Each structure stands twice: as structure tokens, then as C-alpha cells.
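Chain by chain, the residues run as shown.
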Amino acid sequence: MEKTIDHAFTAKDLTSAATDPTYAGVLSFMRRRYTKSLDGADAVVWGIPFDAATSNRPGARFGPQAIRRASAIFDNDPQYPFQRDLFAEMAVIDYGDCLLDYGNHAATPEAIEKQAATVLDSGAFLLSLGGDHFVTWPLLKAHAAKHGPLALVHFDAHQDTWYDDGKRIDHGSFVGRAAREGLIDPDRSIQIGIRTHAPEDCGITILYGHQVEDMSAADIASQIISHTKGAPAYLTFDIDCLDPAYAPGTGTPVAGGPSSAKILSVLQKLHQLDIRGADVVEVAPAYDHADITAIAGATVAMYMLGLHAERRAAGR
Ligand SMILES: [Mn+2]
């Protein structure tokens, strides 16, 4: 195979795989071409560098950079969890980052929603890299505008249903807000890995951390598939779903979570999910060690692209 370098801007087309050395070359997500053109893109990877809604340790604004850098590890040792070269049939671009004003957080949700809507209008699948979990609310707004109420598949240590007056910029309340606004269908939504308690569950089914510990990956996956009942789904992955041993670099870590191996096995079994959008949030590299968290985040993001590829291949 011919070696590539700086594939993020030297790629001849959107579907070729990169073989840049892991330690060199311009860093985009999995060396996808950096472009603001949505022409011909089947899937778009996009960074949302925002962390002003974090209740504890800030730093997730550096998540997109850390995930892109960690994703270079796949270049020379590609992984095919779905037995498929993601880029053989699917044009995936790195759309760069969302433009936000760090001094005007009130304008942040609308900025994210509008820029996400532009991507979705092109017909492409959107995979967003946070940022703290607040960013999922405007992302859900953009996706629900296109697909109607979504089945939320939510991996997290936290329920994110805390008190919200509809105006707060808070990473712990997007689920309650999305339920009240009809962006998600609580009856078809499910949370996995929860190990803290919020005052309300909004009618959403929860698989707590201790249950996840006792269940097999196949059981967890089949609960998710049966619970979403074939509805259009949005997959949101807070990296703190994983135990701090597997994801120390995050704002609000909670002990007692699943391993990356177990959760990747769950994701690999969700190929029937009617996935319409996805995000990976709360990677905060300042608290990371040896890129443990960034590699986990990049791998989860790569699996999300795999789930979209499975949906495409099935003609759904
Ligand atoms: Mn969380």
C-alpha cells in the first residue's frame, strides 16, 4: 500500500484510507479531509469546543483536538469492528470546529443548532465531538427538526435531568429539557451506566452501573435495540460512562463504571440501531494520562461511524 502523508489535505478523494505515520502528518479525525464543503459527504465529523457548562473540572473544549490526535492511532493499525473498511464505501470529512464566542455563552446553543442544521440539510450523517454535554441539547434540536422525536441512547454516569429553567447553560440538564421539549421520546429512550441520582427520570429507562456490571454486552445491546423499537435514534456518549480507570480525563468522573472493552462490545452489537446522529462528549485531556481517555473517545467515535455504515449498508 502506498504510504500517505498529510492525508487531511493531500487525499485525492473522500473515500481513500490514510496511512500517515501515527506520529506525523496533519491531524484531522482519522485523517479525513478537512473541508467546509459538504459536497459528496456521507458523514461529517465536527468539533464543538465548548466547556462553559461544566459543573466541576473544565477542559472539554480541548476534547475535539485530543480525539483527533488520538484517532491517528488507527492509521497504520486499522480496526474493523464491523468487518468493514469504513472509508471504502463511505465519504467521511472532517468539517473542522463550530465557531463559538467564548464571551457570549447565551449565543452558543443557537450557533451550534444552526451550524448543525446546515450539515443535516446536506443529507450527511453528523458525528459531533464535544465539548461538554450541554452541546447535545442544540444538537438534538437540529436532529429532531429533521427526524421528529428521537429515541435517545445515552451512555453516561449521570442522568442529566437536573433542574432547568430552559435558559441555563448547564451540562447536567439537557435530557430533561429535551424530554419536555419533545425532542426525544422518553418511552423509547434508554440510559446506560448511570451511577448517580437526579431528582427525576423523565420516564426514561435506566440501566444503572451495577446492573451493567452484572449484564453481558449482548444483554445490554438487546435491551437497547428492543427499547428503541426501530425508531430514529440519537446516540450520545459521555466518556464518563466508562470507569475512571478507562477514562480519567473528564470533568465529572464517577467510580464503578464499565470498561472500554465491555462498552465497545455493546456498541458493536448495535448494528440494527436506526442511528441518525451521534456525539462523544466530555473528553478533557488536561486530566488524562497517556491519552487513555482520548483513545477511548476516538474509538467510540470510530464505532459510531461504523454504526452509520451498517445502517447505510442495510439500505435503511
Ligand atoms: Mn456524565
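You'll find the structure just up there.
Residues numbered from 1 in each chain as written. Predicted model: local features only at pLDDT ≥ 70, side-chain atom pairs only at ≥ 80, totals over all residues. Heavy atoms only, no water.

Peer 1: I'd like a rundown of the packing of aromatic side chains, residues and numbers included.
Peer 2: One pass over the full model with this rule turns up four aromatic pairs. Aromatic pair phenylalanine 50 and phenylalanine 134: ring centres 5.9 Å apart, planes at 45°, arrangement tilted. One end of the pair, phenylalanine 50, is in the loop between strand 2 (43-48) and helix 2 (63-71); the other, phenylalanine 134, is in the loop between strand 4 (125-130) and helix 5 (136-147), with 84 residues separating them in the sequence. The same class applies to phenylalanine 50 as to phenylalanine 134, namely buried. (Phe/Tyr/Trp six-rings, centres within 6.5 Å; stacked < 30°, edge-to-face > 60°. Helix = DSSP H or I, 4+ residues; strand = E, 2+ residues; numbered from the N terminus. Buried < 20%, exposed > 50% of the residue type's maximum accessible area, 1.4 Å probe, protein only.)

Peer 1: How would you summarise the pattern of salt bridges if you had to cite specific residues and measurements?
Peer 2: Pairing between side chains becomes possible if they bear opposite charge and their charged atoms approach one another. Here the structure, examined in full by the defined rule, presents 16 salt bridges. One salt bridge connects arginine 312 with aspartate 42, and the closest N-O pair in it is separated by 3.4 Å. Here the residue arginine 312 occupies a position in helix 10 (residues 292-313), and aspartate 42 occupies one in the loop between strand 1 (33-34) and strand 2, the gap between them amounting to 270 residues. A relative accessible area of 23% places aspartate 42 in the partly exposed class. Put simply, arginine 168 and aspartate 170 hold a salt bridge, and the shortest N to O gap is 2.8 Å. Exposure remark for aspartate 170: the relative accessible area of 12% places this residue in the buried category. Among the charged side chains, a network of salt bridges with common partners joins Asp20, Arg31 and Asp75. (Salt bridge = Lys/Arg side-chain N within 4 Å of Asp/Glu carboxyl O.)

Peer 1: Would you mind going over the side chain of aspartate 160 in detail, with residue names and values included?
Peer 2: In this fold, aspartate 160 is placed in the loop between strand 5 (151-155) and helix 6 (174-180). Buried within the structure, aspartate 160 lacks any salt-bridge partner; its nearest side chain of opposite charge belongs to arginine 168, at an N-O separation of 11 Å. When neighbours within four sequence positions are excluded, aspartate 160 is seen to be in contact with His133, His154, His171, Gly172, Ser173, Phe174, Val175 and Gly176. (Lys, Arg positive; Asp, Glu negative; His and termini not counted. Contact = heavy atoms within 4.5 Å.)

Peer 1: Describe in detail the coordination of the manganese ion, supporting the description with residues and values.
Peer 2: All of the protein donors around the manganese ion are Asp156 (OD), His158 (ND1), Asp238 (OD), Asp240 (OD) and Asp240 (OD); their distances to the metal are 2.1 to 2.6 Å. All donors of the manganese ion belong to a single chain; written as a sequence motif, their spacing is D-x1-H-x79-D-x1-D. For the pair formed by aspartate 156 and histidine 158, the shared burial category is buried. (Donors = N, O, S within 2.8 Å, 3.2 Å for Na, K, Ca; no water.)

Peer 1: Please provide a residue-by-residue account of the pairing of strand 8 (residues 233-238), values included.
Peer 2: For a regular strand, side-chain orientation follows a simple rule: the groups alternate between the two sheet faces. Judged by how many residues are buried, strand 8 sits mostly within the fold: six of six residues are covered. Where burial is concerned, the two faces of strand 8 agree: the one with Ala233, Leu235 and Phe237 and the one with Tyr234, Thr236 and Asp238 are both buried. Sheet topology places strand 8 next to strand 9 (residues 275-281); six bridges connect them, and they run parallel. Across the sheet, residue aspartate 238 finds its bridge partner in strand 9, namely valine 281. Crossover strand 8 to strand 9 through helix 9 (residues 260-268) is right-handed. (Pairing = 2+ DSSP bridges. Right-handed = clockwise from strand over helix to strand, strands pointing away.)

Peer 1: I'd like to hear about the packing of helix 2 against helix 10, residue by residue, with values.
Peer 2: At a minimum axis separation of 8 Å, helix 2 and helix 10 run at an interaxial angle of 80°. Here helix 2 lies roughly perpendicular to helix 10, going by the angle between them. Note on element contacts: helix 10 touches helix 2 through Ala294, Ile295, Gly297 and Ala298, opposite Ala66, Ile67, Ala70 and Ser71. Class assignment of the residues belonging to the contact of helix 2 with helix 10 gives a composition of six nonpolar, two polar and no charged. (Axes fitted to C-alpha atoms, helices over the stretch in contact; angles between N-to-C directions. Parallel < 35°, antiparallel > 145°, perpendicular 65-115°, else oblique. Nonpolar A, V, L, I, M, F, W, Y, C, P; charged D, E, K, R; others polar.)

In short, the description is geometric, and any link to function would need to be established separately.
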